[in-house]
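Letter by letter, the chains look like this.
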Amino acid sequence: MLNLPIYLDYSATTPCDPEVVTEMLPYFTQYFGNASSKVHPFGWQAEAAVAQARERVATLINAQSREIVFTSGATEACNLAIRGVWELYAKKGNHFIISKTEHKAVLDTCKILEKKGACVTYLDVNSSGQIQVEDLMKAFRPDTILVCIMLANNETGVIQPVKEIGLLCKQHQVLFFCDATQAVGKIPVNVEEMEIDLICCSSHKIYGPKGVGALYIRSRNPRVKLSPQITGGGQEDGVRSGTLNVPGIVGFGKACDICGNRMKEESEKMNRMLNKLRQGILEIPGTVINGHPKDYLPSILNVSFERLNSTLLLSALKSKIAVSTGSACTSGSLEPSYVLTAMHVDRNKAKSSLRFSLGRFTTEEEIDFVIKELGHIVNQLRDG
Ligand SMILES: *Cc1c(COP(=O)(O)O)cnc(C)c1O
């Protein structure tokens, strides 16, 4: 028997893995110490747990644990990276290069800095959702201080040519910040191979608890420094003050460990299910996939349903299939997605799109049901 509604919105958030919860529980009651208390065992236990979690997060992206700063999530990590670079590298320059399809945590932060005098170049993407490396090459200026390009898009799953971007940034001696929130834990992410200087990720997108994330800050070649955005007790090497969320951090660490151990089998399984879903949906007349033909995450499928609109579809589906239009932040708005608009998807098609995102607990049976149900509902809506 299937449990309804079926959850296909894993890119918005994921349930905690039960193993993660088990690992976290003692840190609420038994090992409740403040990780900054250096003078008794309560503090030492918490500190040791945080150290292990830091190591686990670092391992997942091939970083060193001292390069990981814990935050309240990817949004905070984006803010710390962008504002932190802007303030500390003011002498070098004032120019950012970002893509038009970044998450709002990056876009809106850059927009605010623009109002404060920063200069931002917004790179176009092609109809497959990728930036053109030649455009980036032309965008560099002597006063460029940061390039912000995400690894995988949260609405379409499209993966950017990050290795080439990293290499170009290195050649131009410009820092490279990559929002890898959707990619970490699902595909291999390697800060050395990809030549990334700053990476953010989030626990609740990878079966960990909400309210925890991390920023990777490169410690050599080059050594990156950031101006702190939250000041106080000097935790996290002074980069991010505030008492550490020990249970959350422990859960995040465990979530990273599980993702790293199971990445190969999980991504193969998810790819199989995504292919099945894609083929099934394409058999419904008037459907178009929005994305790249080969560079995409195994977890996300973005589809336009011609002659329908997303709001209508969502409300017809909601009791059986929990999906979304792409970003939790703008769902409910009547404007077409800025990500699809940047990909030159025409307005009507953009307004008829849904994002299906699969995860660890998705089953073949669920995919079969979704394909069948979707066919019915789309036909019904078009007839009515
Ligand atoms: C979810 C998400 C964020 C924000 O992460 P939070 O931890 O929820 O703040 C940022 N960027 C991308 C690409 C995301 O998918």
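Refer to the preceding data block for the structure.
Scoring rules and cut-offs
Residues numbered from 1 in each chain as written. Predicted model: local features only at pLDDT ≥ 70, side-chain atom pairs only at ≥ 80, totals over all residues. Heavy atoms only, no water. Helix = DSSP H or I, 4+ residues; strand = E, 2+ residues; numbered from the N terminus. Rg over C-alpha atoms; globule rule 2.2 N^0.38 Å. Contact = heavy atoms within 4.5 Å. Lys, Arg positive; Asp, Glu negative; His and termini not counted. Charge placed at Lys NZ, Arg CZ, Asp CG, Glu CD. Pairing = 2+ DSSP bridges. Axes fitted to C-alpha atoms, helices over the stretch in contact; angles between N-to-C directions. Near = heavy atom within 4 Å. Polar contact = N/O pair within 3.5 Å; in protein donor to acceptor, adjacent residues only side chain to side chain. Areas by Shrake-Rupley, 256 points an atom, 1.4 Å probe, with all protein chains shown as cover. Nonpolar A, V, L, I, M, F, W, Y, C, P; charged D, E, K, R; others polar. Phe/Tyr/Trp six-rings, centres within 6.5 Å; stacked < 30°, edge-to-face > 60°. Buried < 20%, exposed > 50% of the residue type's maximum accessible area, 1.4 Å probe, protein only. Expected span 1.5 Å × (residues − 1). Patch = residues over 30% accessible without salt bridge, like charges linked within 9 Å, V, L, I, M, F, W, Y side chains within 5 Å. Salt bridge = Lys/Arg side-chain N within 4 Å of Asp/Glu carboxyl O. Right-handed = clockwise from strand over helix to strand, strands pointing away. Disulfide = S-S within 2.5 Å.

Visitor: A description of the overall build of the protein chain should follow, citing residues and the corresponding values.
Guide: A tally of helices and strands in the protein chain yields 12 helices and 12 strands. The C-alpha atoms of the protein chain give 21 Å as radius of gyration, which agrees with the globular expectation for 384 residues (21 Å, within 12%). Within the protein chain, contacts between residues at least 6 apart in sequence are counted, and of these 75% link residues at least 24 apart. Of the side chains in the protein chain, 42 bear a positive and 40 a negative charge, and the two mean positions are spaced by 3 Å.

Visitor: Describe the sheet that holds strand E5 (residues 144-148), with residues and values.
Guide: Spatial strand order, E2-E8-E7-E6-E5-E3-E4: 7 strands in an open sheet with mixed pairing. Lying at the two open borders of the sheet, with one neighbouring strand each, are strand E2 (68-71) and strand E4 (119-123). Within this sheet the neighbouring strands show an average axis-to-axis angle of 20°, counted without direction. Across 5 bridges, the pairing between strand E7 (residues 198-202) and strand E8 (residues 213-217) is antiparallel. Paired with cysteine 201 across the two strands is alanine 214, which belongs to E8.

Visitor: Residues and numbers for the site of the ligand, please.
Guide: For the ligand, the full set of nearby residues is Gly73, Ala74, Thr75, His103, Met150, Asn154, Asp179, Thr181, Gln182, Ser202, His204 and Lys205. A distance of 2.8 Å separates an oxygen atom of the ligand from a polar backbone atom of alanine 74. For the ligand, an oxygen atom lies 2.7 Å from a polar atom in the side chain of glutamine 182. In isolation the ligand offers 380 Å² of accessible surface; the protein chains occlude 88% of this area. Tallied by class, residues from the shell around the ligand come to 2 nonpolar, 8 polar and 2 charged.

Visitor: Which residues make up the packing of aromatic side chains, and what are the values?
Guide: The description of an aromatic ring pair rests on the distance of the ring centres and on the angle between the ring planes. Within the structure shown, the criterion is met by 6 aromatic pairs. Taken together, a centroid distance of 5.4 Å and an interplanar angle of 45° make the contact between tyrosine 27 and tyrosine 31 tilted. Between phenylalanine 70 and phenylalanine 252, the aromatic rings sit 6.2 Å apart at their centres with planes inclined by 70°, giving edge-to-face as the arrangement. Of this pair, phenylalanine 70 sits in strand E2 while phenylalanine 252 sits in helix H8 (residues 246-282); the two residues are 182 residues apart in sequence, bridging distant segments of the chain. For the pair formed by phenylalanine 70 and phenylalanine 252, the shared burial category is buried.

Visitor: Can you break down helix H12 (residues 364-383) residue by residue, with the values?
Guide: Here H12 contains 20 residues, and its C-alpha end-to-end distance of 29 Å stays within 8% of the 28 Å for a straight helix at 1.5 Å per residue. Of the residues making up H12, those classed as buried are Glu366, Ile367, Phe369, Val370, Ile371, Glu373, Leu374, Gly375, Ile377, Val378 and Arg382. Those residues of H12 hidden inside the fold are in contact with strand E1 (6-7), H8, strand E10 (300-305), helix H9 (310-317), strand E11 (321-322) and strand E12 (353-357).

Visitor: Give me the lowdown on the sheet that holds E12, citing residues and values where you can.
Guide: With respect to topology, 3 strands assemble into an open sheet ordered E9-E10-E12, the strand pairing being antiparallel. Looking along the sheet, the strands with just one partner apiece sit at the ends: strand E9 (287-289) and E12. The mean angle between the axes of side-by-side strands here comes to 30°, regardless of whether they run parallel or antiparallel. Direction of pairing for E9 relative to E10: antiparallel, over a ladder of 3 bridges. In the sheet register, isoleucine 289 faces E10, and the bridge partner there is valine 303. Where H8 meets the sheet, it contacts E9, E10 and E12, and its direction lies at approximately 5° from that of E10.

Visitor: I'd like a rundown of a positive patch on the surface, residues and numbers included.
Guide: Judged by side-chain charge, Arg66, Arg220, Arg223 and Lys225 come together as a positively charged surface patch. Position of arginine 220 relative to the elements: it lies in the loop between E8 and H8.

Visitor: Could you give an account of helix H4 (residues 74-88), with specific residues and numbers?
Guide: An ideal rise of 1.5 Å per residue puts 21 Å on 15 residues; H4 measures up with 20 Å between its terminal C-alpha atoms. Counting buried positions over the 15 residues of H4 gives 12, a clear majority of the element. Turning to H4, its buried residues are Ala74, Glu76, Ala77, Cys78, Asn79, Leu80, Ala81, Ile82, Arg83, Gly84, Val85 and Trp86.

Visitor: Explain the pairing of E5 to me, and be specific about the residues and the numbers.
Guide: In terms of burial, E5 is largely enclosed, as 5 of its 5 residues are buried. Bridge count between strand E3 (residues 95-99) and E5: 4 bridges; the pairing is parallel. Pairing of histidine 95 across the sheet is with threonine 144, part of E5. Sheet topology places E5 next to strand E6 (residues 175-179); 3 bridges connect them, and they run parallel. Residue pairing across strands places valine 147 opposite phenylalanine 176, the latter belonging to E6. Where the polypeptide runs from E5 across helix H7 (residues 162-171) and back to E6, its parallel neighbour, the crossover connection is right-handed.

Visitor: Give a description of the state of the cysteines that names residues and reports values.
Guide: In protein structure, a disulfide is the covalent linkage between the sulfur atoms of two cysteines. Across all of its chains, the model carries 0 disulfides by this definition. Cysteine 78 carries a free sulfur, and the closest cysteine sulfur to it, the one in cysteine 200, is 3.6 Å from it. Sulfur of cysteine 148: no disulfide; nearest cysteine sulfur belongs to cysteine 110 and is 4.9 Å away. Owing to a relative accessible area of 0%, cysteine 148 belongs among the buried residues under this scheme.

Visitor: Please provide a residue-by-residue account of the side chain of histidine 292, values included.
Guide: Position of histidine 292 relative to the elements: it lies in the loop between E9 and E10. Histidine 292 sits in the buried class, given a relative accessible area of 13%. Within the structure, histidine 292 has its side chain in polar contact with the side chain of glutamine 130 (distance 3.3 Å). A distance of 2.9 Å separates a polar side-chain atom of histidine 292 from the backbone nitrogen of aspartate 295. With sequence-adjacent residues up to four places away left out, histidine 292 is seen in contact with Ser128, Gln130 and Val158.

None of the figures reported here should be taken as evidence of function without further support.
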